[in-house]
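Residue-level structural notes
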Amino acid sequence: MKYQTTIGIGIVAAAALGAVGYGAWTAGMRAGMDMGGGAAVQSAPGTPQDPGTWTVAQGGDATARHIRDGLRAGDVDPVTGRAILNYHDPMVPGKNFDAPGKSPFMDMMLVPRYAGGDSADAGGVSVSSRIQQNLGLRSVAVVEGPLDGAVTVAGNVAWNERDQVVVSARSMGFVERLHVRATLDRVVAGAPLAEIYVPDWVAAQEEYLAVARMAGSDLGPLREAASQRMRQAGMDAAQIDRVVRTGTLQPRFTLRAPISGTMTELMVREGATVMPGMALLRLQGTDTVWAEGQVPESQVAQLQPGARVSATSPAVPGQRFDGRVQAVLPQVDPATRTLKARLELANPGGRLVPGMFVQMRFADPVGRPVLLVPSDAVIHTGRRSVVMLAEEGGHFRPVEVGVGREAGAQTEIVQGLQAGQRVVLSGQFLIDSEASLRGLEARLNQTPMPAADLHRTDAVIDAIEGDTARLTHPAIPALKWPGMTMAFRLPPPGQRPRALASGDKVRIEFRVQEGAEPQITAIERVAPAATGAAR
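Numbering of residues starts from 1 in every chain and runs along the sequence as written. Selection of residues for local features in this predicted model requires a pLDDT of at least 70, selection of side-chain atom pairs for listing and counting requires 80 or more, and totals for whole chains, interfaces and linings are taken over all residues. Water and hydrogen atoms were dropped before computing side-chain values, which therefore reflect all heavy atoms in the structure.

For the rest of this paragraph, the subject is the sheet that holds strand β11 (residues 186-187). A strand pair is defined by DSSP finding two or more bridges across the two strands. A helix here means a DSSP run of H or I that spans at least four residues, while a strand means a run of E at least two residues long, and both kinds are numbered starting from the N terminus. Reading across the sheet, the 4 strands line up as β9-β16-β14-β11 and stay open at both edges, with antiparallel pairing between neighbours. At either end of the open sheet lies a strand with only one pairing partner, and these are β9 (164-168) and β11. In the sheet, strand β14 (residues 261-266) pairs with strand β16 (residues 279-284) via 4 bridges, with the strands oriented antiparallel. Across the sheet, Met263 pairs through a bridge with Leu283, a residue of β16.

Looking now at unusual backbone geometry. The phi angle of most residues is negative, glycine excepted, and most peptide bonds adopt the trans form. Despite not being glycine, Leu184 has its phi angle at roughly 70°, a positive value. Structurally, Leu184 is set in the loop between β10 (173-178) and β11. Partly exposed residues are those whose accessible area sits between 20% and 50% of the maximum for their type, while under 20% is buried and over 50% is exposed, using a 1.4 Å probe and protein chains only. Overall, Leu184 belongs to the exposed group, its relative accessible area being 57%. We note that Arg337 has phi near 55°; this positive angle belongs to a residue other than glycine. Examined against the element boundaries, Arg337 turns out to sit in the loop between β19 (316-333) and β20 (338-346). Classification of Arg337 as partly exposed rests on a relative accessible area of 41%.

A word on the sheet that holds β19. If you trace the 6 strands once around the closed barrel, you get β8-β17-β20-β19-β18-β21, paired in antiparallel fashion. Direction aside, neighbouring strands of the sheet carry axes that sit 40° apart on average. Both strand β8 (residues 151-159) and strand β21 (residues 357-362) contribute to a ladder of 6 bridges, which runs antiparallel. When the bridges of β21 are listed, Val153 appears paired with Met360. As a rule, the C-alpha atoms of each element are fitted with a line to give its axis, helices using only the stretch in contact, and angles between N-to-C directions run from 0 to 180 degrees.

Here we take up the nonpolar core. The tendency in soluble globular proteins is for nonpolar side chains to be buried side by side. The biggest cluster of nonpolar side chains holds 30 residues, and the ones touching the most others in it are Leu193, Met230, Val268, Val274, Leu280, Leu281 and Leu283. Elements that contribute at least two residues to this core include exactly β10, β12 (192-197), α4 (199-213), α5 (220-232), α6 (237-246), β13 (252-256), β14 and β16. Of the residues forming this core, the biggest block, 4 residues, is contributed by α4. For this analysis, residues touch if any pair of their heavy atoms sits within 4.5 Å. Those residues in contact with Val268 that lie beyond four places of it in its chain are Val175, Leu178, Val274, Met278 and Leu280. In this text, buried Ala, Val, Leu, Ile, Met, Phe, Trp, Tyr and Cys residues form a nonpolar core when linked through side-chain atoms within 4.5 Å.

Listed below in structure tokens is the structure:
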């Protein structure tokens, strides 16, 4: 009898302990729910509420109200007085939605994100100094100064086609002698090129000389007519003057170089017959040459006709050739996305010849000071350009900027920043989409996790589908999670208890994953308190 009484007392004690344990677990669940979803913040009537003070549960209540009132992203919430940016699941950063509703990842409502808020708006990111050090964040100041916008391109030398002269025959004649016999011979201005005999000049000159020998006072009109005939025969003023001064026939004349340069083409030989207008040779001036280079279309705006340029050539070491931009040819190479710039360079001594390689540097036409930031600090998303502005207290805010020219690893800022502000210069922040920016914000705003990045909690299995388990867990203060039912990724089958089923109480160790369900790294089944006490 005494033995039965003892057993009875043990059973009652075990039941009491089990009730106490269950009551404690339930109280913990309620405390977690109260922590995450306390009563809504009360404001005076007509006073807009601050979403930055809301808990996750209060944000879910606001989403439910939006569904009831037909609000969505882009509308203004009459309770907060702020525009709704989007809706998101705080447990799954980086996923945004335009319409209110339940989270596709958790058993909870989405939370609205408002414009102008701190915690709800993506306009600000708070990063602790420890995380800044781990991420290697560095910031640089926005400075004001001249942008070294000089453009350097390579090109090839070509003849200046505007400095060419074609020597032609003015009358029918015969080439009796050539003073230049090969192409690319150099000549100077006034040097003899060829001796040409012109039979047609003989008759015109004899007529003039016959009139000049005649006596009389009224022979002026006849002399003028004879001179006009010599001009019509192709004689120039100097040749006519020679006939008048010497009084002798001048059937031959010497063809002389009109400019100094190089003879690039010789069309006749000695003994050849030439006709009026026939090209005899071509002279190319060498005082200036052309240099043609391919300029990227993004830098063409910096080149203006007449802009100064300097060039060097490995064929003429130590010498610099100055010139100017003559024209930017209106044709784009579709393969290289470049335009051809034609430059005119001074060529003292004729040392630059066609085909030579030159390195050209275009001077910066704009010398005024501008706002400058490192090019690596600018985030180009395709639709806009953004920099991450570093503010006091470890706060970072994305700012849309207008960019200008880029040169020397620096970018001109035409709007959005002021001198003295600091921007982030770090590869971790070079993102290319607004979604990535919001995901980064949500990750960085989390409470710093333990060094192992692991969390532990007790939970009850609601359902298991493949490698995913839906668990009901109490509040997790380290993550600021209220008690809720949500999905977790199970570890591989060999690393978890066998025959897990709905209703099992388990203790889990898990790691939070950005953009996915939390990953369970260790799980064990927990026996009911009453069973343990009875044993």
